[in-house]
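# Commentary on secondary and tertiary structure
These are the residues of each chain, in order.
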Amino acid sequence: MTGVPAERSSFLAVLDGDVMNPPPLWMMRQAGRYLPEYREVRAKAGDFLTLCYSPELATEVTLQPIRRFDFDAAIIFSDILVVPHALGVGLRFETGEGPRLDPVTDAAAIAALPDILDPSRVGPVYEAISRTRAALPRSTALIGFCGAPWTVATYMVAGRGTDDQGPARLLALREPDLFQRLIDHLVETSVTHLLAQIEAGADAVQIFDTWAGVLDPISFERWCFDPLARIAAGIWAVKPDARIIAFPKGASSKALARIAALGVNAVGLDWTADRTALRKLGEKTALQGNLDPLRLIAGGPQLDEEILRIRSDFDGVRHIFNLGHGIRPETPIAHVERLVEKARAPL
Ligand code: CP3
């Protein structure tokens, strides 16, 4: 175990190779509707995308969970669908229904995607990052992010979230060359978007592949593993020290091990991950996760017990405490307070 001086971030220390006890802590979707102060700013902004594209408001909501819980990392308030939006794809968020996009399903629509991300859409994200970095103490890291090409493509093809991402899987099977062009385009624009976030002040970037788990192993290789490897290589070609966290939700232990072997600084684990089997990976890369967000809603003794089990399962290896997926709006704040207390208590 290594002690870190107060001005150094424990989150970055673990990404850089240290083992920390207690582990650094943050939560996916930590800025969001479970917080009354978020709902207030969100109401003022009117709609979700206006909030994403207002640097001052995006900075404010990014900082809210840090003020309340003193997490070890902040994640910039934005969305993975900002990338298709900045490629000219129509996007709206209907209240209570999730995202709606103008579907991109044929050769003409894919060929029409511009090479450059619209600066009027991504510019405010970078400005929010610079502002947030300036407002945070050095001991709190700032995470930038994007969606993985596969996950972003599933929304672009279906025009919305679906249960099994059937529309994108079917297009990839029927017209693999066409689908490959869409993925390639997203690989390139994701590299640009992540590099710009690092340039603006992000200390690490996370790549969210929320729908990695719906693919068979051969398809996973082509649509998840290969694009991730290319994004990481593209970033490291320009910034060899860039810190990258990969979160392929639902990926098998074998797939996670291959991703770790790319040299990423951390892999994110969802709550179904077999911690005892994966523990050894924590000698190669940091393991980030993996409390079931429903356990955080339910609370009580099962919550305390699971927090303790996660900590002891990963004791002695590189671990960043997090949820296995984003926190849900109905989560009681008292349960988050309990999580913060238990995740940081002496083991
Ligand atoms: O983690 C954070 O606090 C940073 C902000 C963040 C958001 N979305 C804000 C958001 C991050 C990292 C994301 C990632 C994201 N967005 C993913 C990947 C991670 C995951 O959760 O699976 C995906 C698939 C999306 C696309 C998306 N955005 C969906 C499907 C939805 C609707 C579902 C929902 O929770 O409402 C969103 C909207 C969204 N993105 C909200 C927030 C806070 C809620 C919108 C609101 O306030 O009305």
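A brief report on the enclosed structure follows. (Residues numbered from 1 in each chain as written. Predicted model: local features only at pLDDT ≥ 70, side-chain atom pairs only at ≥ 80, totals over all residues. Heavy atoms only, no water.)

This next bit is on the layout of surface pockets. Put simply, the largest pocket is a space of about 1500 Å³. Contributing to the lining of the largest pocket are 42 residues, with Arg29, Arg33, Asp79, Phe93 and Pro99 lying nearest its centre. Those elements that provide at least two residues to the lining of the largest pocket are helix 2 (36-45), strand 2 (91-94), strand 3 (98-101), helix 8 (149-158) and helix 14 (293-298). Of the residues contributing to the lining of the largest pocket, the split by class is 21 nonpolar, 12 polar and nine charged. If you add up the space inside the second largest pocket, you get close to 230 Å³. What lines the second largest pocket is a set of 14 residues, and nearest its centre among them are Pro217, Phe220, Ser252, Lys254 and Ala255. Top contributing element to the lining of the second largest pocket by residue count: helix 11 (residues 217-238), with four residues. Looking at the lining of the second largest pocket residue by residue, the class counts come to seven nonpolar, three polar and four charged. (1 Å grid on protein atoms, 1.4 Å probe; cavity = no way out; pocket = protein on both sides within 12 Å on 5 of 7 lines; lining within 4 Å. Points joined across faces, edges and corners; volume = space filled by probe spheres on them. Helix = DSSP H or I, 4+ residues; strand = E, 2+ residues; numbered from the N terminus. Nonpolar A, V, L, I, M, F, W, Y, C, P; charged D, E, K, R; others polar.)

Moving on, we come to the pattern of salt bridges. All told, the structure shown has 22 salt bridges when counted by the stated rule. Put simply, Arg230 and Asp226 hold a salt bridge, and the shortest N to O gap is 3.3 Å. Linking Arg230 with Asp226, this pair stays in helix 11, spanning four residues, or about one helical turn. Its relative accessible area of 32% is what places Asp226 among the partly exposed residues. With its nearest N and O atoms 2.8 Å apart, the salt bridge here joins Arg275 to Asp313. Here Arg275, found in helix 13 (residues 275-278), pairs with Asp313, found in helix 15 (residues 301-313); they are 38 residues apart in sequence, far enough to count as distant. Overall, Arg275 belongs to the buried group, its relative accessible area being 10%. Relative accessible area serves as the criterion here: at 24%, Asp313 is assigned to the partly exposed category. Overlapping salt bridges bring together Arg275, Arg295, Glu306, Arg309 and Asp313 as one network. (Salt bridge = Lys/Arg side-chain N within 4 Å of Asp/Glu carboxyl O. Buried < 20%, exposed > 50% of the residue type's maximum accessible area, 1.4 Å probe, protein only.)

With respect to the secondary-structure elements, Val238 resides in helix 11. Under the relative-accessibility criterion, Val238 is labelled exposed at 53%.

The full set close to the ligand counts 22 residues, and Arg29, Tyr38, Arg42, Asp79 and His325 are the nearest of them. The separation between an oxygen atom of the ligand and a polar main-chain atom of Gln30 is 3.2 Å. A distance of 2.7 Å separates an oxygen atom of the ligand from a polar atom in the side chain of Arg33. Starting from 860 Å² of accessible surface for the ligand in isolation, the protein chains cover 88%. For the shell around the ligand, the elements supplying multiple residues, two or more each, are helix 2 and strand 3. Its residues assigned to classes, the shell around the ligand comprises 13 nonpolar, five polar and four charged. (Near = heavy atom within 4 Å. Polar contact = N/O pair within 3.5 Å; in protein donor to acceptor, adjacent residues only side chain to side chain. Areas by Shrake-Rupley, 256 points an atom, 1.4 Å probe, with all protein chains shown as cover.)

Glancing now at the state of the cysteines. Across all of its chains, the model carries zero disulfides by this definition. Unpaired in this structure, Cys146 has its nearest cysteine sulfur neighbour in Cys224, at a distance of 13 Å. (Disulfide = S-S within 2.5 Å.)

This part covers the nonpolar core. Phe11, Phe179 and Ile235 are the most contacted members of the largest nonpolar core, which totals 128 residues. Counting residues per element, this core draws most heavily on helix 10 (residues 176-200), which supplies 11 residues. If near-sequence neighbours (up to four positions away) are discounted, Phe11 is found in contact with Pro24, Trp26, Asp72, Ala73, Ala141, Ile143, Ala204, Ile245, Gln288 and Ile320. (Core = buried A, V, L, I, M, F, W, Y, C linked by side-chain atoms within 4.5 Å. Contact = heavy atoms within 4.5 Å.)

Let us now look at the pairing of strand 3. Bridge count for strand 2 against strand 3 is four bridges, and the pairing is antiparallel. Bridge pairing links Leu91 to Leu101 in strand 3. Where strand 2 folds back on strand 3, the antiparallel hairpin that results is connected by three residues, among which Gly96 adopts a positive phi of roughly 75°. (Pairing = 2+ DSSP bridges.)

An ideal rise of 1.5 Å per residue puts 18 Å on 13 residues; helix 15 measures up with 18 Å between its terminal C-alpha atoms. Those residues of helix 15 lying buried are Leu303, Glu306, Ile307, Ile310 and Arg311. Down the axis, helix 15 shows its buried residues gathered within 135° of arc, on one side only. Across from the buried face of helix 15, at angles greater than 90 degrees, the exposed residues are Pro301 and Leu308. Buried residues belonging to helix 15 abut helix 13, strand 8 (286-291), helix 14, strand 9 (319-323) and helix 16 (333-344). (Expected span 1.5 Å × (residues − 1). Arc of directions from axis to C-beta.)

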